[in-house]
Every structure is written in structure tokens, then in C-alpha cells.
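# Observations on chain architecture
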Amino acid sequence: ILGIFDAVALTVLFFAPIPPISNILAPIIRTFWSDVFLHYPSNFLLLPKLFGHAHFLISTVFGVFISGMIIKKIEADNLGQKISTLLAAGDIVKKYFSLLITWLISYGLFMVSLKGLFYLLPLNLVVRLTGSFILSLLAQSILAFLLPSLVIVNKNFVHALWNGLKVGLQNILLMSSIFFIPMFLVLALSFAKLYTSFFVQIYPELVLWVLAVGIVITLIVDILVTTSATLVFLRARNGKI
């Protein structure tokens, strides 16, 4: 579902300079950026930024909810039970606000620390990318248990968060090994986006393909992070690791 939403958003943004979509999006682009980005090939320079905003909105509104449902279904399966999608959705609706706040806070702290580290490191692209990758890997390994803890642990908000952080710190090496390749793919995707201006000069449409491939990579990474974190959290809660 999230992949479909992302694909639709990318398609709409790609056609932003063309009627009838331009009737809605063109005034927004002119106001916040410039009219030049409504013309070929400059429209491809702005496309990654526009899609980044769209993806963030989709992840915030729908991604958190869907992740919660997946966690709930995995928990039921782990207990040898079956839970309908409707029942899982009803349970997550009750916890949606807590899940959303947790996701936004963790995302905000992660982005601030990542940008801070990026500018503190020496002016060397390799060093900065390596440092960013290590921080991203460690942060993802620790924070990955927050949502599973909120969904699974029937305690108050603060206790659930602390429990998730504690499990993350205890299993940071295990989760880092699991997340190593997915996070490397995410870093490679981010690195490719840095060369948007170069792609535009050579073959503008390549930007669109990079973003499309990014949807697939992001989807795979999200599935792996959510499922593996939930399974490890359940095993840790049962004292099996």
C-alpha cells in the first residue's frame, strides 16, 4: 500500500508542470521555489525534494499506522493466534497518536544528529558518508524497537518507550548486523540523489528512475526493519535471546 502511495505521488509530481495537475501544483512551486522548476529539464532538479516531502507525509500519516498493524499481526502469529486486519486496525487506532508522536520525535532527533555529525566531520565526502552510515546504522538498531514496544507492551507510554530503548541497546550488535545491508542501500540511494544536477545535465529522466528504484528499496527496507525488529523484540521479551 505504501509503495502504491509513493508511486502515485511520484507520478503526480512528475506531471506537475503539465495541466491539469499544474493547475494545483504550479502555484505552490512558484511560491516556494521558482517558475523555472516548471520547465524541462529544471523540473527534474526539484523532483527529489518534492518527492521527499510527499514520502515524509505518506510515512507519517499512513506508514506508522500500517507498521503498527504489521506488528500486531506478527505478535498474534507468534502466539499461535489469528487476527483479522479489521481487528488489528481497531487496536492500532487506539494507539495511533502515541505511535505517531514517537515516530516524529525519533525521526526529528535522528535527522538533527545526522546533519550535525555531517557538518562536524572533515570536508571529505568519504569520511562524511562513512560517519553518516555508522550513525544511521546504530540509531536504526536502537530506535527500531520503539514501535513494537508501544504496540506489544500493555504499559504506559513512558514505560513502553523505555522498554523499547532498553531492548535496542541490549541487541544493538545483532540489529546492526541485520540492518547493515539495508542501511547501505539507503545510503547508496541518498548518495545517488546528491548527483541530481549531474543527472539532469546528462539525462534528466534518470532522476525519475533513481526515485522509482528508491521506492522499491525503501519498501524492502521498511518491511525488513519492521518484521525483524518485531520478531527480535518478541524473542527478547520471552527471554529467548
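Going by the structure above, here's the rest.
On a predicted model such as this, the values are computed, not experimentally measured, just so you know.

Attention now moves to the layout of surface pockets. The computed volume of the second largest pocket comes to approximately 340 Å³. L13, L25, L50, A54 and L57 are, among the 15 residues lining the second largest pocket, the residues nearest its centre.

Our focus in this paragraph is helix 7 (residues 157-170). In an α-helix, one full turn covers 3.6 residues, which means residues spaced three or four apart are oriented alike. Taking 1.5 Å of rise per residue, 14 residues should cover 20 Å, and helix 7 covers 20 Å from first to last C-alpha, within 8% of that figure. Two or three places before V158, at the start of helix 7, stands the capping residue N156, its side-chain oxygen 3.2 Å from that residue's backbone nitrogen.

This part takes up the nonpolar core. Here is a general trend for soluble globular proteins: nonpolar side chains tend to be buried in one another's company. The biggest cluster of nonpolar side chains holds 33 residues, and the ones touching the most others in it are L99, F145, L147, L150, M175, F179 and F233. Mapped by element, the contributors of at least two residues to this core are helix 3 (43-78), helix 4 (85-120), helix 5 (125-143), helix 6 (146-152), helix 7, helix 8 (172-193) and helix 10 (205-237). At seven residues, the largest contribution of residues to this core is made by helix 10. When neighbours within four sequence positions are excluded, L147 is seen to be in contact with S67, I71, L99 and W103.

For the rest of this paragraph, the subject is empty space enclosed by the protein. Counted under the stated rule, the structure contains two cavities of 30 Å³ or more. Reported here for the largest cavity is a volume of approximately 70 Å³. Around the largest cavity sit L13, F14, A16, P17, I29, F37, N43, F44, L46, L47 and L50, which together line it. If you list the elements that add at least two residues to the lining of the largest cavity, you get helix 1 (2-14) and helix 3. Residue contributions to the lining of the largest cavity peak at five residues, all from helix 3. Along the lines of polarity and charge, the residues of the lining of the largest cavity split into 10 nonpolar, one polar and no charged.

What counts and what doesn't
Residues numbered from 1 in each chain as written. Predicted model: local features only at pLDDT ≥ 70, side-chain atom pairs only at ≥ 80, totals over all residues. Heavy atoms only, no water. 1 Å grid on protein atoms, 1.4 Å probe; cavity = no way out; pocket = protein on both sides within 12 Å on 5 of 7 lines; lining within 4 Å. Points joined across faces, edges and corners; volume = space filled by probe spheres on them. Helix = DSSP H or I, 4+ residues; strand = E, 2+ residues; numbered from the N terminus. Expected span 1.5 Å × (residues − 1). Polar contact = N/O pair within 3.5 Å; in protein donor to acceptor, adjacent residues only side chain to side chain. Core = buried A, V, L, I, M, F, W, Y, C linked by side-chain atoms within 4.5 Å. Buried < 20%, exposed > 50% of the residue type's maximum accessible area, 1.4 Å probe, protein only. Contact = heavy atoms within 4.5 Å. Nonpolar A, V, L, I, M, F, W, Y, C, P; charged D, E, K, R; others polar.

Purely geometric stuff here, so don't read any function into it on its own.
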